[in-house]
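# Topology and contacts: notes
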Amino acid sequence: MGDLGENYGTTVLIAVMMVLILLVGAITESVAVVLILGPILAPVAESIGIDPIHWGVVFVVGTTIGFITPPYGLNLFVVSGVLRINYDLIIRQIFKLLIPLMIVWTIVTAVPWLSLVLLGG
């Protein structure tokens, strides 16, 4: 019974860290997210038994998703400028892409093998 509680706590902690990465990534650029959250969240992830390489992949994927998440989503401004498409139109369309990205991010987080398979060790 205690093991179930530990797994639940770990899952909730990982989910909270993922939400934090996404929220901070949505309002600031990715370099700032890495510089601010990286040193804080990496030791937390390691302390609950997450492989550092796996956590790095999870962190980078989350930061990348945050980079295209409204309201800031710097890449959305770049696309708007380069393609000369109204920013509001891009915002309305981005949610079609965000849902599959969030599903893939969840799978990558839940299945460490996906990010560690090429290490060969």
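First, a word on what this report is: a plain description of the structure on this page. Small disclaimer: the values here were computed from a predicted structure and weren't measured.

### With respect to helix α2 (residues 30-47)
Taking 1.5 Å as the rise per residue, α2 with 18 residues should run 26 Å; its terminal C-alpha atoms sit 24 Å apart, in good agreement. Roughly 50° is the biggest bend found in α2, and it falls at Gly 38, with proline Pro 39 one to four residues downstream. When we look at burial in α2, the residues that qualify are Ser 30, Val 33, Leu 37, Gly 38, Leu 41 and Ala 45. Where α2 terminates, the next one or two residues include Gly 49, which has phi positive at roughly 95°.

### Quick notes on a nonpolar patch on the surface
A cluster of nonpolar side chains, Ile 99, Ile 103, Ile 107, Val 111, Trp 113, Leu 114, Val 117 and Leu 118, forms an exposed patch at the surface whose accessible area comes to about 820 Å². Contributing elements (two or more residues each) for the nonpolar patch: α5 (87-110) and α6 (113-116). No other element matches the three residues that α5 contributes to the nonpolar patch. Summarising the element assignment, Ile 103 is placed in helix α5.

### Quick word on the packing of α2 against helix α3 (residues 52-66)
Packed helices, taken two at a time, are described by the angle their axes make and the gap between the axes. In the contact formed by α2 and α3, the axes pass within 11 Å of each other and the chain directions differ by 145°. In this structure, the crossing between α2 and α3 has a hand that is right-handed. On α3, the residues touching Ser 30, Val 33, Val 34, Leu 37, Gly 38, Leu 41, Ala 42, Ala 45 and Glu 46 of α2 are Pro 52, Trp 55, Phe 59 and Thr 63. Looking at side-chain class alone, the contact of α2 with α3 contains nine nonpolar, three polar and one charged residues.

### Observations regarding the nonpolar core
Residues Leu 37, Leu 41, Trp 55, Phe 59 and Leu 76 are the most contacted members of the largest nonpolar core, which totals 24 residues. For this core, the secondary-structure elements that each account for two or more residues are α1 (2-27), α2, α3 and α5. The biggest single contributor to this core is α5, with seven residues. Excluding anything up to four places from it in sequence, Trp 55 contacts Met 17, Ile 21, Leu 41, Ala 42, Ala 45 and Ile 50.

Analysis parameters
Residues numbered from 1 in each chain as written. Predicted model: local features only at pLDDT ≥ 70, side-chain atom pairs only at ≥ 80, totals over all residues. Heavy atoms only, no water. Helix = DSSP H or I, 4+ residues; strand = E, 2+ residues; numbered from the N terminus. Expected span 1.5 Å × (residues − 1). Bend = angle between axes of the 7 residues up to and from the residue. Buried < 20%, exposed > 50% of the residue type's maximum accessible area, 1.4 Å probe, protein only. Patch = residues over 30% accessible without salt bridge, like charges linked within 9 Å, V, L, I, M, F, W, Y side chains within 5 Å. Areas by Shrake-Rupley, 256 points an atom, 1.4 Å probe, with all protein chains shown as cover. Salt bridge = Lys/Arg side-chain N within 4 Å of Asp/Glu carboxyl O. Axes fitted to C-alpha atoms, helices over the stretch in contact; angles between N-to-C directions. Left-handed = near helix turned anticlockwise from the far one by under 90°. Contact = heavy atoms within 4.5 Å. Nonpolar A, V, L, I, M, F, W, Y, C, P; charged D, E, K, R; others polar. Core = buried A, V, L, I, M, F, W, Y, C linked by side-chain atoms within 4.5 Å.

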